[in-house]
Amino acid sequence: MFIIMLGPPGAGKGTQARNISKKLNIPHIASGDILRERVRITDDELSKKIREHMLRGELVPDDIVIKIIHDRLSQNDCEHGAVLDGYPRTLAQAKALDAFLESKNKRVEIVINLDVPDDEVIKRLTYRRLCPKCNRIYHLLFNPPKNNELCDICNVKLIQRIDDREDIVKKRLEEYRNRTSSLINYYAEKHILYIVNGVNDINRIFNNIIFLIEEAIKPV
Ligand code: AMP
């Protein structure tokens, strides 16, 4: 089953997608992680271009992202589905994904929109820190490390993603409002969109999502 997680940056798509992936035993495809990893391991012109957009909080151009994500979706482990986190983010990407899946006799079955207001997003992202060694994520207010800004496990100084700085977060939110939020209508018209309150206990949000997925796939 192909599931899309929609919602602004910082809505909790990654956390929920990881849990859904475990529960349904389908891969978690996070476009931001895939792009960051490409930029980290490959130092070519394409990576330079991707990095420039990411550092500014702007969307990476459609043709680049579509190619990279569809290559990933073509791998065998996605044969029976995937939970997509951060892709698609534009109408062109959504249409390209539909065409890609259709060519394999598949389709997007359910889209979960995690609804979180802007002020909450800014609070969540600007206090977010991560361990550069194990990638564990902390929040300086809600989930702080035991020792002043050091990873509990690696004892390494935590870092802030450059695009989690407040000015860049505001740009990312602007991109979301201008370009990604139109996908809500796109999928609503296909009757596969479900809206979930993203300001809630993480486990409760997860249970709500699983309930919706089970309802959506129930035979009528
Ligand atoms: P994320 O980790 O999902 O917040 O993504 C981080 C950054 O990666 C975004 O601000 C964009 O620059 C880029 N990015 C991730 N996914 C996409 C996408 N589907 N389309 C365009 N750019 C993307």
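See the structure above.
Residues numbered from 1 in each chain as written. Predicted model: local features only at pLDDT ≥ 70, side-chain atom pairs only at ≥ 80, totals over all residues. Heavy atoms only, no water.

**Observations concerning the nonpolar core**
- Ile4, Ile50, Leu73, Leu97, Val111 and Tyr187 are the most contacted members of the largest nonpolar core, which totals 30 residues.
- Among the elements that line this core, the one with the most residues is helix 4 (residues 62–73), at six residues.
- If we skip the residues at most four places from it in the chain, Leu73 touches Phe2, Ile29, Cys78, Ala82, Leu84, Leu97 and Phe100.
- Counting 24 residues, the second largest nonpolar core, distinct from the first, contains Ile26, Val83, Ile122 and Ile210. (Core = buried A, V, L, I, M, F, W, Y, C linked by side-chain atoms within 4.5 Å. Buried < 20%, exposed > 50% of the residue type's maximum accessible area, 1.4 Å probe, protein only. Helix = DSSP H or I, 4+ residues; strand = E, 2+ residues; numbered from the N terminus. Contact = heavy atoms within 4.5 Å.)

**Observations regarding the packing of helix 6 (residues 118–126) against helix 7 (residues 166–180)**
- At a minimum axis separation of 10 Å, helix 6 and helix 7 run at an interaxial angle of 140°. It follows from the interaxial angle that helix 6 and helix 7 lie oblique. The handedness of the crossing between helix 6 and helix 7 is right-handed. Touching Asp118, Val121, Ile122, Leu125 and Thr126 of helix 6 are Glu166, Val169, Lys170, Arg172, Leu173 and Arg177, all from helix 7.
- Residues belonging to the contact of helix 6 with helix 7 are distributed by class as follows: five nonpolar, one polar and five charged. (Axes fitted to C-alpha atoms, helices over the stretch in contact; angles between N-to-C directions. Parallel < 35°, antiparallel > 145°, perpendicular 65-115°, else oblique. Left-handed = near helix turned anticlockwise from the far one by under 90°. Nonpolar A, V, L, I, M, F, W, Y, C, P; charged D, E, K, R; others polar.)

**Some remarks on the packing of aromatic side chains**
- This structure, assessed with the given rule, holds one aromatic pair.
- Centroid distance Tyr186 to Tyr187: 5.0 Å. Interplanar angle 75°. Geometry classified as edge-to-face. For the pair Tyr186 and Tyr187, a shared accessibility class is recorded, and that class is buried. (Phe/Tyr/Trp six-rings, centres within 6.5 Å; stacked < 30°, edge-to-face > 60°.)

**Brief notes about the pattern of salt bridges**
- Summed over all chains, the structure comprises 22 salt bridges.
- With a closest N to O distance of 2.8 Å, Asp33 and Arg36 form a salt bridge. On the criterion of helical spacing, the pair formed by Asp33 and Arg36 is a turn pair, its members being three residues apart in helix 2 (residues 31–41).
- Where Asp77 meets Arg72, a salt bridge forms, and the shortest distance between an N and an O atom there is 2.7 Å.
- Judged by its relative accessible area of 39%, Asp77 is partly exposed. (Salt bridge = Lys/Arg side-chain N within 4 Å of Asp/Glu carboxyl O.)

**What about the site of the ligand?**
- Neighbouring the ligand are 16 residues, the closest being Ser31, Glu58, Gly86, Arg89 and Gln93.
- Within the backbone of Gly86, a nitrogen or oxygen atom sits 2.9 Å from a nitrogen atom of the ligand.
- Burial of the ligand by the protein amounts to 95% of the accessible area it has alone, namely 480 Å².
- Among the residues making up the shell around the ligand, the classes are represented as six nonpolar, four polar and six charged. (Near = heavy atom within 4 Å. Polar contact = N/O pair within 3.5 Å; in protein donor to acceptor, adjacent residues only side chain to side chain. Areas by Shrake-Rupley, 256 points an atom, 1.4 Å probe, with all protein chains shown as cover.)

**Some points on the environment of His28**
- Assignment of secondary structure puts His28 in strand 2 (residues 28–30).
- Of the residues examined, His28 reaches a relative accessible area of 22% and is grouped as partly exposed.
- With 25 residues separating them in the primary sequence, His28 and Ile3 have C-alpha atoms 9.7 Å apart.
- With residues up to four places along the chain from it excluded, the contact list for His28 reads Gly14, Ala17, Arg18, Ser21, Val83 and Asp85.
- Within the structure, His28 has its side chain in polar contact with the side chain of Asp85 (distance 2.8 Å).

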